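# Architecture and fold: a report
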Number of protein chains: 2
Amino acid sequence: MEVKIWKDLSAKEQTDALMRPAQASSDKIREIVTSIISRIRKEGDTALFEYSKTLDKFEGEHIEWTAEEIRAACQRVDSDLKKAIDTAYENIAKFHSEQKPHHIKIETFPGIVCETHTHPIDSVGLYVPGGSAPLVSTALMLAVPAKIAQCPEVILCSPPPISDAIIYAASKSGVKRIFNLGGAQAIAAMAYGTESVPKVLKIFGPGNQFVTMAKRLVSNDAQGASIDMPAGPSEVLVIASDSANPEYIAADLLSQAEHGPDSQVILIALSKEFAQKVMLKVEEQLEKLPRREIAEKALSKSTALVVDTLDEAAELSNRYAPEHLILQIDNPDELIDKLRNAGSIFVGAYTPESLGDYASGTNHTLPTYGYAKTFSALGTDDYRRRYTIQRASQEGLKEIAKTVTSMASAEGLDAHRNAVVVRVKDI
Amino acid sequence: MEVKIWKDLSAKEQTDALMRPAQASSDKIREIVTSIISRIRKEGDTALFEYSKTLDKFEGEHIEWTAEEIRAACQRVDSDLKKAIDTAYENIAKFHSEQKPHHIKIETFPGIVCETHTHPIDSVGLYVPGGSAPLVSTALMLAVPAKIAQCPEVILCSPPPISDAIIYAASKSGVKRIFNLGGAQAIAAMAYGTESVPKVLKIFGPGNQFVTMAKRLVSNDAQGASIDMPAGPSEVLVIASDSANPEYIAADLLSQAEHGPDSQVILIALSKEFAQKVMLKVEEQLEKLPRREIAEKALSKSTALVVDTLDEAAELSNRYAPEHLILQIDNPDELIDKLRNAGSIFVGAYTPESLGDYASGTNHTLPTYGYAKTFSALGTDDYRRRYTIQRASQEGLKEIAKTVTSMASAEGLDAHRNAVVVRVKDI
């Protein structure tokens, strides 16, 4: 992790310092995933079971968990872990319940009343990745808001073997149908449905490049499924003043770096000396980490930038648009109003990112790879949709008629005009 | 427009009756648009001006309107039309102002406070189509919420020649930069920026197949731009009881059909006799329409379905998920709670779709082609983004520490665990 003085960099070097590594060229992945999707769409379970055997190495008899198997898995979870999941569940549920649907109703014009309403999306599919770290927290983060949004049908796919803890978290959050299915094949099955897996309308959750590509492809097809947000490698940006504790910051940087070799980690410090202190602590802590190799790879592409003022730090952060933004500075509230384009902000010495990853109650599904400039942190709203309603009285239509007919005429749309005229003649 | 008795149809015929026509295969369009985007990205204005000449047939000296030209255009707008635009503006502004950002703040656990905040998206680009119907209403529908959301930078592109009314509507809604630019080239310029056109973060607005493809392609690229929603041909579904006025319904069906030859129109009636009465009125009104040919083409692919009960009608509508849903039935409120998956609902005899298209105050940018199952009607929220903030006190972190460390251990993420441990040892 290199320390760079921001003002000493050329404009191009500055741009490069905040540039995310390009995602691997995806033509090959697109080709593989397109063929998986097309076969599952055409052949249903036949193709799905074949992929499940060859890609997921699944040897079980049925891909769907029975109610009995779910009960048994839940009972096997160690009571300490169960208690942890229960506490995280409570906090996530509290925060996401507070995100209530807001319905409005207003008379915009005498006799014309307009409303917004929302309803839960009819069916949603949740994807929980497996691999090197089985993400029990992701099961909570995806399933709790689905429950609070009251989605009638919620299914979950995860690559086998699914850990008992994931089953417990999903089951506690109201998921009744769980499938031993990973990768692009899981996304294809949920988007189009097979004999065993019901089609869903919207798919949520992170995944590897195959999952990400599959989500993009099915969301580009009107017959497929919508998705939560585009994906990218996880990332953190820490803004720290010299008064911060270098040990804490090093721990935060490493907790991001251990996610994967493509994770991005940026420190913005106010002095070179402080940045170097943090680097030393990173080296120290790195030695003891089981996932050291992964973290080292991530850190080799990461940077510490030294700026002169907190305002400059805010500007850089807004420009980078980090998924996670940690503030370890003296008066964070003064800076918060200047911050934009972050997925989630962690304020103060005692709010490590891992608190939000698991248990503060906020959702850890966040826009990354620059998408935090336009996409929101996942919330209960993403499981519902908003529509509008309008009603005009006779008098209301009569009074607004001229407005509609003038504009319709200006647009050359006679039938639009006529729909008002045939009514007004009767009033 | 054929009348079909729903219960007499086979399952396959039922599915077909609610099936949208497949969108034209887009390989050729994708190829053309990919090349336009790639050239504009590489060559900037040089390529853009070339496309502007060849595709937009633009012969002017500069693609951006000067402040003086905007003022002059506004003055040229006829006072009746200006008044109509002003009234529509007021209603749209009222309804979209009521859609306030909701920020929440809650203590999810003793000592842990979580919040959601929102901020306007830094820069947005609005696309207003030209062609056979210059859509002044679209300028209002896209620009008013951008203003209310307080987006700092708002630009607008529309194919030349842009009508004075569009300039007036945009200008009134706070748009300061307007470009004579249409088609895929406009989308490419806004997504990547050129010397003349600033890059924006999110692009809003409808368009033809080239515009739609360009929006999809730039939204699939992290360096490109986000978009409002996927596009498709416009559509209406009318649920009418025998007590409704066939003349009004015919006018509503035609106002949708005149949009384009691929517009979809569905009537759900409770008797064959009533459906036939509507068909007669459609024939009558069609004769006088200037856009008769377009409407006829749209109608030739449309259907009137006869069902036995209003519940059945609601079920069909939920299954089809119409962009516009018109209810001309006796007690609409009894049915409304059963309706889902519609973009916007028009209630009662005096609420034609064209009222919402222009002036009721609701947004006419709505999900279509089945996307109303997961996408929302455009609203002020779409111009802002939501993020979260969390803060833990020493005590809060200490009390929740076990929850985080247990879950991190279960996931095999030691550095996540460590970020809590290094802090708790100091408390």
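Per an unreviewed UniProt entry, chain A carries the name Histidinol dehydrogenase and comes from Succinivibrio dextrinosolvens. According to the UniProt record, the Function (unreviewed entry) comment for chain A reads "Catalyzes the sequential NAD-dependent oxidations of L-histidinol to L-histidinaldehyde and then to L-histidine." Under Pathway (unreviewed entry), UniProt gives the following word-for-word description of chain A: "Amino-acid biosynthesis; L-histidine biosynthesis; L-histidine from 5-phospho-alpha-D-ribose 1-diphosphate: step 9/9."

For chain A, the helix and strand inventory stands at 17 helices and 14 strands. Projected onto the principal axes, the alpha-carbon positions of chain A cover approximately 85 × 60 × 45 Å. Within chain A, the proportion of its 427 residues that are buried is 60%. Intrachain contacts of chain A at a sequence separation of at least 6 include 73% that bridge at least 24 residues. Counting only carbon and sulfur atoms, one obtains 50% of the accessible surface of chain A, whose full area is about 16,000 Å².

With that out of the way, let us pick up empty space enclosed by the protein. Taken as a whole and judged by the stated rule, the model has two cavities of 30 Å³ or more. If you add up the space inside the largest cavity, you get close to 40 Å³. As for the largest cavity, its lining consists of Phe95(A), His96(A), Gln99(A), Thr362(A), Asn363(A), Leu366(A), Ala377(A), Leu378(A), Gly379(A), Arg386(B) and Thr388(B). Those elements that place two or more of their residues in the lining of the largest cavity are helix 5 (79-98) of chain A together with strand 14 (384-392) of chain B. Residues of the lining of the largest cavity, tallied by class, amount to four nonpolar, six polar and one charged.

A few words on the UniProt feature "active site" (unreviewed entry) in chain A. Residue and element names in this part refer to chain A. Under the local residue numbering, the UniProt record ascribes the feature "active site" (unreviewed entry) to Glu323 and His324. Relative to the assigned elements, Glu323 resides in the loop between helix 13 (310-320) and strand 12 (324-328). In this structure, Glu323 is in contact with Pro233, Ser234, Glu235, Ala342, Gly343, Ser344, His364, Leu366, Pro367 and Thr368, ignoring residues within four places of it in sequence. When neighbours within four sequence positions are excluded, His324 is seen to be in contact with Ser234, Glu235, Val236, Leu237, Gln256, Ser344, Phe346, Glu353, Asp357 and Leu366.

Moving on, we come to the environment of Gly44(A). Residue and element names in this part refer to chain A. Its place among the elements puts Gly44 in the loop between helix 2 (27-43) and helix 3 (45-54). Along the primary structure Gly44 and Ser196 are separated by 152 residues, whereas in three dimensions their C-alpha atoms are 8.5 Å apart. Discounting residues that sit within four places of it in the chain, Gly44 has contacts with Arg39, Thr194 and Glu195.

Residue and element names in this part refer to chain A. At their nearest, the axes of helix 5 and helix 6 (residues 136-148) sit 9 Å apart, and the two run at 40 degrees to each other. It follows that helix 5 is oblique to helix 6 by the angle criterion. Helix-helix and strand crossings are classified by hand; for helix 5 and helix 6 the assignment is right-handed. Between helix 5 and helix 6, the contacting residues are Ile85, Ala88, Tyr89, Ile92, Ala93, His96 and Ser97 on the first element and Val136, Leu140, Met141, Val144, Pro145, Lys147 and Ile148 on the second.

Residues and elements named next belong to chain A. Structurally, the position occupied by Thr194 is in the loop between helix 8 (183-192) and strand 7 (202-204). At 2.7 Å, the side chain of Thr194 and the side chain of Asp45 are in polar contact. Within the local environment of Thr194, its side chain forms a polar contact with the backbone nitrogen of Ser196, the two atoms lying 3.1 Å apart. In contact with Thr194, not counting residues within four places along its chain, are Ile40, Gly44, Asp45, Leu48 and Ala189.

Moving on to the interface of chain B and chain A. Facing 125 residues of chain B, the contacting portion of chain A comprises 125 residues. The junction of chain B with chain A conceals about 10,700 Å² of combined surface from both sides, 57% of it contributed by carbon and sulfur atoms. On inspection of chain B and its partner chain A, the count reaches 14 salt bridges. Among the ionic pairs, Asp80(A) bridges to Lys402(B), the shortest N-O distance being 3.4 Å. Taken together, the connections running from chain B to chain A amount to 85 residue pairs in polar contact (both at pLDDT 80 or more). A per-class count over the side of chain B that touches chain A returns 59 nonpolar, 38 polar and 28 charged. Note that strand 13 (residues 344-347) of chain A and strand 14 of chain B share four bridges and pair parallel.

Quick notes on the rules
Residues numbered from 1 in each chain as written. Chains lettered and ligands numbered in written order. Predicted model: local features only at pLDDT ≥ 70, side-chain atom pairs only at ≥ 80, totals over all residues. Heavy atoms only, no water. UniProt positions renumbered as here; feature names shortened; annotations may be inferred. Helix = DSSP H or I, 4+ residues; strand = E, 2+ residues; numbered from the N terminus. Buried < 20%, exposed > 50% of the residue type's maximum accessible area, 1.4 Å probe, protein only. Contact = heavy atoms within 4.5 Å. Areas by Shrake-Rupley, 256 points an atom, 1.4 Å probe, with all protein chains shown as cover. 1 Å grid on protein atoms, 1.4 Å probe; cavity = no way out; pocket = protein on both sides within 12 Å on 5 of 7 lines; lining within 4 Å. Points joined across faces, edges and corners; volume = space filled by probe spheres on them. Nonpolar A, V, L, I, M, F, W, Y, C, P; charged D, E, K, R; others polar. Axes fitted to C-alpha atoms, helices over the stretch in contact; angles between N-to-C directions. Parallel < 35°, antiparallel > 145°, perpendicular 65-115°, else oblique. Left-handed = near helix turned anticlockwise from the far one by under 90°. Polar contact = N/O pair within 3.5 Å; in protein donor to acceptor, adjacent residues only side chain to side chain. Buried area = accessible area lost by both parts, 1.4 Å probe. Salt bridge = Lys/Arg side-chain N within 4 Å of Asp/Glu carboxyl O. Pairing = 2+ DSSP bridges.

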